[in-house]
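A structural walkthrough
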Protein chains: 2
Amino acid sequence: MLTMRGLSFSTSLSLFYVISCFYLTNTVATARLPNIIIMLMDDMGWGDLGVLGQPSKETPNLDAMAAQGMLLPNFYTANPLCSPSRAALLTGRLPVRNGFYTTNAHARNAYTPQEIVGGISKDEILLPVMLKKKDYVSKIVGKWHLGHRPQYLPLKNGFDEWFGAPNCHFGPYNNTNRPNVPVYNNSEMVGRYYEEFEINNAESNLTQIYLQEGLDFILRQTRAQKPFLLYWAPDATHGPVYASKRFIGKSQRGRYGDAVMELDYGVGQILLLLKSLGIDNNTFVFFTSDNGAALISGTQGGSNGPFLCGKETTFEGGMREPAIAWWPGHIKESSVNFQLSNVMDLYTTSLAIAGISAPGDRVLDGLDLTPVLLNNSSSLKDRPIYYYRGNELMAVRLGQYKAHYWTWSNSWEQFKTGINFCPGQEVPGVTTHDQMNHTLQPVIFHLGRDPGEKYPISVLSKEYMDVLSTFTPIVQQHQKDLIPGVPQLNMCDLAVMNWAPEGCEKLGKCLKPPDSKPWKCFWPH
Amino acid sequence: MLTMRGLSFSTSLSLFYVISCFYLTNTVATARLPNIIIMLMDDMGWGDLGVLGQPSKETPNLDAMAAQGMLLPNFYTANPLCSPSRAALLTGRLPVRNGFYTTNAHARNAYTPQEIVGGISKDEILLPVMLKKKDYVSKIVGKWHLGHRPQYLPLKNGFDEWFGAPNCHFGPYNNTNRPNVPVYNNSEMVGRYYEEFEINNAESNLTQIYLQEGLDFILRQTRAQKPFLLYWAPDATHGPVYASKRFIGKSQRGRYGDAVMELDYGVGQILLLLKSLGIDNNTFVFFTSDNGAALISGTQGGSNGPFLCGKETTFEGGMREPAIAWWPGHIKESSVNFQLSNVMDLYTTSLAIAGISAPGDRVLDGLDLTPVLLNNSSSLKDRPIYYYRGNELMAVRLGQYKAHYWTWSNSWEQFKTGINFCPGQEVPGVTTHDQMNHTLQPVIFHLGRDPGEKYPISVLSKEYMDVLSTFTPIVQQHQKDLIPGVPQLNMCDLAVMNWAPEGCEKLGKCLKPPDSKPWKCFWPH
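Side note on the overall build of chain A
Helix and strand content of chain A: 13 helices and 21 strands. By the compact-globule yardstick of 24 Å for 525 residues, chain A fits well, its C-alpha radius of gyration being 22 Å. Projecting the C-alpha coordinates of chain A onto the three principal axes gives extents of approximately 70 × 55 × 50 Å. Across the 525 residues in chain A, those meeting the buried criterion constitute 64%.

So, the pairing of strand β19 (residues 443-446) of chain A
All names here are of chain A. Neither face of β19 is left uncovered, since the one carrying Val 443 and Phe 445 and the one carrying Ile 444 and His 446 both have all their residues buried. As defined by bridge partners, strand β16 (residues 401-404) adjoins β19 across 4 bridges and the pair is classed as antiparallel. Note on β19: the bridge partner recorded for Ala 403 is Ile 444.

Describing the relation of the copies chain B and chain A
One copy of the chain maps onto the second through a rotation about an axis and a displacement along it. Superposing chain B onto chain A takes a rotation of 180 degrees plus a shift of 0.0 Å along the axis, which leaves an RMSD of 0.0 Å. When the rotation and shift are considered jointly, the pair of chain copies conforms to a two-fold rotation axis.

Here's the deal with the sheet that holds strand β1 (residues 35-41) of chain B
Residues and elements named next belong to chain B. One open sheet holds the 10 strands; their spatial order is β7-β6-β5-β4-β8-β1-β9-β11-β2-β12, and the pairing between them is mixed. On the outer flanks of this sheet lie β7 (188-192) and β12 (335-336), each paired with one strand and no other. Two strands pair when backbone bridges link them, and strand β6 (residues 182-185) and β7 are joined in this way by 4 bridges, in the antiparallel orientation. Of the residues in β7, the one forming a bridge with Asn 185 is Glu 188. Relative to β1, helix α7 (residues 255-276) is tilted by about 175 degrees, and along the sheet it contacts β1, β8 (228-233), β9 (283-289) and β11 (324-326).

Some words on unusual backbone geometry
Cis rather than trans, the peptide bond between A:Gly171 and A:Pro172 has omega equal to 0 degrees. Here A:Pro172 is to be found in the loop between β5 (161-165) and β6 (182-185). Residue A:Pro240 is reached from A:Gly239 by a cis peptide bond, and omega for that bond is -10 degrees. When you line up the elements, A:Pro240 lands in the loop between β8 (228-233) and α7 (255-276). With phi around 60 degrees, B:Asp135 is a residue other than glycine that occupies positive phi space. Turning to its location among the elements, B:Asp135 is positioned in the loop between α5 (127-131) and β4 (137-143). Unusually for a residue other than glycine, B:Ala202 sits at a positive phi of about 65 degrees. Mapped onto the secondary structure, B:Ala202 falls in the loop between β7 and α6 (206-223).

What about the pattern of salt bridges?
Oppositely charged side chains can form a pair if their charged atoms are brought close together. Residues and elements named next belong to chain A. For the structure on display, the rule yields 52 salt bridges over all chains. Ionic pairing is found between Glu 203 and Lys 245, a salt bridge with its closest N-O pair at 3.9 Å. Taken as a pair, Glu 203 in the loop between β7 (188-192) and α6 (206-223) and Lys 245 in the loop between β8 and α7 lie far apart in primary sequence, 42 residues in all. Glu 316 serves as the salt-bridge partner of Lys 402, at 2.7 Å between the closest nitrogen and oxygen. Here Lys 402 is found in strand β16, whereas its partner Glu 316 is found in helix α8 (residues 316-319), with 86 residues between them in sequence. Judged by relative accessible area, which is 0%, Glu 316 ranks as buried. Via salt bridges that share partners, Lys 139, Glu 161, Glu 213, Asp 216 and Arg 220 belong to a single interconnected network.

As for the environment of A:Gly147
All names here are of chain A. Along the chain, Gly 147 turns up in the loop between β4 (137-143) and β5. With relative accessibility at 1%, the residue Gly 147 sits in the buried group. Placed 47 residues apart in sequence, Gly 147 and Phe 100 show a C-alpha to C-alpha distance of 10.0 Å. Every residue in contact with Gly 147, bar those within four places of it in the chain, is listed here: Phe 100, Thr 112, Gly 118, Gly 119, Tyr 152 and Leu 153.

Overview of the environment of A:Thr176
If you trace the backbone, A:Thr176 turns up in the loop between β5 and β6. A:Thr176 gets classed as exposed once you look at its relative accessible area, which sits at 55%.

As for the pairing of β7(B)
Across the 5 residues that make up β7(B), a large majority, 4, are buried. Where β6(B) hands over to β7(B), the hairpin turn is made up of 2 residues, of which B:Asn186 adopts a positive phi near 60 degrees.

Criteria and cut-off values
Residues numbered from 1 in each chain as written. Chains lettered and ligands numbered in written order. Predicted model: local features only at pLDDT ≥ 70, side-chain atom pairs only at ≥ 80, totals over all residues. Heavy atoms only, no water. Helix = DSSP H or I, 4+ residues; strand = E, 2+ residues; numbered from the N terminus. Rg over C-alpha atoms; globule rule 2.2 N^0.38 Å. Buried < 20%, exposed > 50% of the residue type's maximum accessible area, 1.4 Å probe, protein only. Pairing = 2+ DSSP bridges. Least-squares fit on C-alpha atoms with pLDDT ≥ 70 in both. Contact = heavy atoms within 4.5 Å. Axes fitted to C-alpha atoms, helices over the stretch in contact; angles between N-to-C directions. Salt bridge = Lys/Arg side-chain N within 4 Å of Asp/Glu carboxyl O.

Here it is in structure tokens:
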């Protein structure tokens with residue numbers, strides 16, 4: 001796999017066509033369990049797709065995917081930050097249930113930097129574990145982010161294969177105070193970011209590697225006639241953003257747009273392979289992102305379209321995600337469904353597609369979206385969307401209404417250092433820099449009339465009272481029933497960083513960890 | 001025509017199909033000059049189309065039109081207000097040249113309310129006048145807005161037919177201090193808004209009337225085998241917004257979205273008729289809007305997508321417009337062209353399509369877009385876009401860069417009364433409430449990386465200096481060469497209002513005007 005980095009585009013593409021033509025004539029696509037591909041982007045915003053309004057129109061393949069499938073404009077993440085969002089997707093449960101949150105301070109987003117001690121709890125049952133009941137072969141390509149200590153890695157949690165990294169690709173580091181993040185092939189590291197896997201001046205061929213890994217996996221499983229889960233999670237749109245030489249300078253947006261164009265190309269190649277192999281009618285593909293665009297990155301970040309603020313916040317820009325479902329012959333082409341849905345539904349829906357009963361011993365927050373996807377139904381319209389920030393229920397959406405029980409962008413202290421999650425936007429009493437408690441009188445918006453959360457409904461109006469009386473019992477019941485999981489993201493320790501990942505000996509790349517000195521992680525946002 | 005109001009939907013639709021089937025078999029669509037249809041919306045924003053990112057996805061017909069034609073994401077109006085924008089479209093010239101501006105105060109938008117004394121100058125040559133050289137028959141349906149005194153009306157300015165109103169549909173008035181705005185059929189009034197043409201509680205069938213007027217005209221000209229210009233300018237998305245009963249409550253956005261859905265339906269019906277008649281390959285259709293969404297209307301206004309501010313301003317939200325060009329067999333389907341273009345190009349392009357030379361005795365600001373439209377070329381990429389507010393050149397775009405020479409949203413005085421053209425948005429030093437003069441050091445944005453005009457390029461950067469050195473000679477030359485027209489929007493007089501339009505005697509609807517007391521109009525924005 002690693003050697004693929006060396007292949008030129010034309011070589012790998014020729015290879016690809018030779019292989020795909022071969023399998024086209026040899027594949028029997030009948031009576032097999034449907035394959036599942038979840039494409040999860042990193043920090044890509046709702047407004048980054050052409051079909052969702054990006055003025056530079058960088059995504060012809062995603063736009064075509066939407067035209068061939070279903071667009072879900074009301075699709076959400078479970079948390080406005082990477083790790084909890086990904087944990088929610090793979091467990092079907094809110095981070096506050098699966099433990100991917102912190103109690104170190106009130107309403108703080110936490111994730112899995114290299115110093116995090118915790119990771120995904122052994123008590124959680126991840127999607128690939130469930131899919132094993134029907135002999136699915138599962139691979140994750142790209143970013144894991146559910147804990148990087150050995151017991152938390154993908155192959156210990158149900159995945160058969162992995163090519164990618166456990167953490168964000170921050171760096172470069174000098175390997176003294178902090179190691180560069182390792183890249184794994186299955187259970188062993190095969191190098192580190194900025195070393196064997198270069199990211200130089202925002203140029204890197206990592207997306208191409210991740211694409212080839214995905215295509216190769218699809219080919220192998222198709223040949224083996226095994227149903228598969230491909231969890232394709234490239235990270236090129238997460239800062240520091242990067243693109244490969246072929247895409248550099250191709251967009252109108254600088255490197256961020258270049259990265260989007262390369263990912264869009266990757267999506268197109270994957271769908272093309274499915275068609276070439278004749279398995280498009282037997283493969284459910286879902287495209288989305290882990291959280292809103294990181295507006296803090298300024299012109300290096302993405303777009304949340306008409307929505308308020310971005311990543312880290314529980315405004316629409318932080319948690320509404322681009323979402324396209326694609327399954328020719330099963331999902332109606334060019335359909336738009338306004339069902340409120342979220343990443344946790346991908347767990348439940350994938351199980352339903354595979355014909356596997358969901359675990360009955362725990363609360364699942366995901367719903368089975370197959371009636372929506374396969375019949376374009378709106379039967380699930382009344383389900384709420386919960387917007388958590390750490391341990392706090394910040395807001396709830398039900399139908400077109402959203403009630404903010406707490407508002408916060410970031411602290412004055414942080415804001416004054418130039419950290420701004422809502423640049424160019426300011427809604428008085430809403431994009432607050434103090435944590436404002438509105439639980440007795442929530443700030444309510446109608447997201448149909450006011451997708452940008454600019455015009456709070458008057459608390460004196462009948463509409464407000466009606467909405468509140470609908471929301472209150474639902475929210476109270478949710479909070480009454482909620483049993484938080486043990487928080488996994490409270491403790492940090494420099495000793496747990498990626499000093500000596502499995503496989504480092506063979507490469508001569510083991511580093512010596514410092515002594516263990518755990519502390520309570522500081523989560524400012 | 002008027003009696004069509006009484007027809008039920010099903011009746012008029014059946015009639016429509018009968019007629020269209022008849023003509024389908026009787027129309028010879030060869031060797032005829034191309035027909036031209038310009039669909040101009042009122043206060044509809046760039047972000048109001050599904051294909052441009054409106055989350056409620058209310059425009060399946062426009063989205064399909066884009067899929068069958070060309071999307072122009074960089075299309076502009078000539079002024080962020082109705083009348084000057086429309087005057088620019090029909091003359092091919094900037095308002096500051098054609099006289100549709102004021103010198104009463106610095107950098108003020110002016111338009112044609114009922115008390116305006118002026119209108120379109122006799123020195124201007126309007127598009128339908130030019131098209132007469134090739135025997136085009138021209139009709140305007142909907143809002144005129146180029147002056148309502150007799151000499152300024154459409155049939156005195158080249159149009160053969162008109163069904164619509166000279167001014168905005170504000171009201172209702174009691175006809176004592178101010179008359180209700182008349183609705184004309186050709187050169188005579190046939191009633192008034194809120195009287196014969198009802199708008200009650202934001203319900204009105206006016207869009208249906210305007211649709212039937214358009215369909216009827218297309219049918220008649222096709223039967224007569226005459227090339228035609230249809231300028232279809234319904235006003236349902238201008239406040240007070242309205243929709244007909246069939247569309248009320250159909251959108252997720254309230255009445256504004258209902259109006260969008262009805263207009264989208266109208267677009268679909270017009271394109272369907274062209275196809276039914278077999279003249280789609282011989283009809284150039286262009287869809288756009290007169291200025292950005294009126295954000296001042298809050299949840300009753302439209303969306304400018306990711307752009308800054310709205311109507312009245314020279315930020316992108318005020319002047320970037322949705323734009324789709326459609327001409328099956330001539331314009332490549334599903335194409336996106338980033339050419340910088342504007343409403344004045346519609347004048348020049350229409351003449352080119354009709355094979356008529358543009359007037360050679362005056363400066364035209366429109367370019368011939370046929371290379372862009374017909375060959376998907378980008379040969380005109382270097383042309384500037386000028387953003388005027390009244391008599392002041394506020395900003396210029398060239399390529400991806402936009403330089404603001406003046407910034408202003410509205411005055412503190414107005415802002416404090418609750419008038420806000422940028423609700424929820426605030427970019428320090430940019431969305432200013434004083435008229436800020438940046439001519440010596442313009443505020444420069446890169447609209448590819450930063451479509452929302454949030455991140456001014458540092459004046460200390462090389463990029464800034466390079467951009468400035470490109471802009472300066474072009475802007476200086478433009479200003480040096482510019483010969484402003486005689487301003488038409490300076491004087492107001494209650495005596496000139498629509499008291500006794502032609503035709504009022506027959507209807508017994510003449511009102512007595514007050515004595516003439518002209519004054520210099522006050523334009524606050």
